[in-house]
Amino acid sequence: MPSSRDLAVAVLREPLVHFLVAGALVFLVLSGRPPNATERRIVVDEPVLESIFNRYVQSFHRPPTPEEIDGLVQDYIRSEVYYREALRLGLDRDDEVVKKRMRNKMLALSGADAEAAQPSDAELQALLDKNPARYAAPPRFTLQQRYIGADTPALRAAAKAAIAAAKPGLAPALPTVTSAMPDRFDDASPSDLAAEFGDDFADSVSNAPVGRWTGPIVSGFGLHFVKIERLKKAPPPRLEDVRQSVENDWRFAAVRKAEDASFKSMLRGYDVVIERPR
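Computed from a prediction, not measured in an experiment: that's the story for all the values here.

Conventions used here
Residues numbered from 1 in each chain as written. Predicted model: local features only at pLDDT ≥ 70, side-chain atom pairs only at ≥ 80, totals over all residues. Heavy atoms only, no water. Axes fitted to C-alpha atoms, helices over the stretch in contact; angles between N-to-C directions. Helix = DSSP H or I, 4+ residues; strand = E, 2+ residues; numbered from the N terminus. Parallel < 35°, antiparallel > 145°, perpendicular 65-115°, else oblique. Left-handed = near helix turned anticlockwise from the far one by under 90°. Contact = heavy atoms within 4.5 Å. Nonpolar A, V, L, I, M, F, W, Y, C, P; charged D, E, K, R; others polar. Buried < 20%, exposed > 50% of the residue type's maximum accessible area, 1.4 Å probe, protein only. Polar contact = N/O pair within 3.5 Å; in protein donor to acceptor, adjacent residues only side chain to side chain. Core = buried A, V, L, I, M, F, W, Y, C linked by side-chain atoms within 4.5 Å. Expected span 1.5 Å × (residues − 1). Arc of directions from axis to C-beta.

Look at helix 10 (residues 190-197) against helix 11 (residues 199-206): their axes get within 7 Å of each other, and the N-to-C directions meet at 140°. In terms of orientation, helix 10 lies oblique with respect to helix 11. For the pair helix 10 and helix 11, the sense of crossing is right-handed. Counted together, Pro190, Leu193, Ala194 and Phe197 of helix 10 and Asp199, Phe201, Ala202, Val205 and Ser206 of helix 11 form the full contact between these two elements. Residues of the contact of helix 10 with helix 11, tallied by class, amount to seven nonpolar, one polar and one charged.

What follows concerns the environment of Asp45. With respect to the helices and strands, the residue Asp45 is situated in the loop between helix 2 (15-29) and helix 3 (46-60). Looking at Asp45, the relative accessible area reads 31%, which means it is partly exposed. Here Val48 takes part through its backbone nitrogen, which lies 3.2 Å from a polar atom of the side chain of Asp45.

For the rest of this paragraph, the subject is the nonpolar core. Soluble globular proteins tend to bury their nonpolar side chains together. Leu143, Leu193, Phe201, Val205, Val226 and Ile228 are the most contacted members of the largest nonpolar core, which totals 16 residues. Where this core is concerned, the elements lending two or more residues are strand 1 (140-149), strand 2 (184-188), helix 10, helix 11 and strand 4 (223-232). Among residues more than four places away in sequence, those in contact with Val205 are Phe141, Leu143, Leu193, Ile217, Val226 and Ile228. Formed by 11 residues, the second largest nonpolar core is a distinct cluster that contains Leu49, Ile69, Tyr76 and Val81.

Now for helix 4 (residues 66-88). For helix 4, with 23 residues, the first-to-last C-alpha span of 33 Å sits near the 33 Å given by 1.5 Å per residue. Inspection of helix 4 places Ile69, Asp70, Val73, Tyr76, Ile77, Glu80, Val81 and Glu85 among the buried residues, and these make up the whole buried set. Gly90 sits one or two residues past helix 4 and shows a positive phi near 75°.

Next up on the list: helix 10. Regarding helix 10, the residues found buried are Leu193, Ala194 and Phe197. Angular distribution of buried residues about the axis of helix 10 spans 100°; they occupy a single face of the element. Looking at helix 10, the residues exposed on the side facing more than 90 degrees away from the buried face are Ser191 and Ala195. Residues of helix 10 that are buried sit in contact with strand 1, strand 2, helix 11 and strand 4. A positive phi of about 110° marks Gly198, the residue just after helix 10.

These figures come from the coordinates and say nothing about function on their own.
Set out below in structure tokens:
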């Protein structure tokens, strides 16, 4: 089966493509401006055609037909002409969108080597040891919750008083409100609780004591009492189980470090003056 490069080369040899390229050059020569070796000459050569061909295959998962190749080449020439004319008119200046795209391209170049680098096991293990909680499986909670009503200053004060007065092992003496919310969860993760009551509720439960009623804990619905009956913590993470997550973090940090180093190097070539308004 011929490679995409072979197919692209074969298309480049088609007489119609030669005609289109020659037509583009004639258009440029007859445009009234002297041809310039760097700015006024558009060449649709083998690498360009191969790139056009490959982009089409990536998008449509099949080779383009000869007619489609003609259209792609014409569109490439049109884009180049518009692009160069826009540059000649200075349309790229003071354009925030253009600046952002150029900045992103420079960042991609700066971090390309780090993006392709492969960390050693020792580097990944060191990163895992630095923050094992980040890669550990989430804890699991078995708990009861009692909904006591909408969040108001008066109810908060009453709930705190009820918790302070509650006898060990007994629920606070404050009426609960009937609701459709589950009263009990078994082996629920923080994300399970967040899906039911919101992130604030899940965060509060993660820091709550085990074995006694606590509260008031706030959710998107109002105030709750919670009793964690059992907390099951995951064992320390092993590198073989979390390698991909650790490697993603390693690569992210390596790319940011390379970008920062590249920027500082480029910045040394500039004299930056900040004139503050008086």
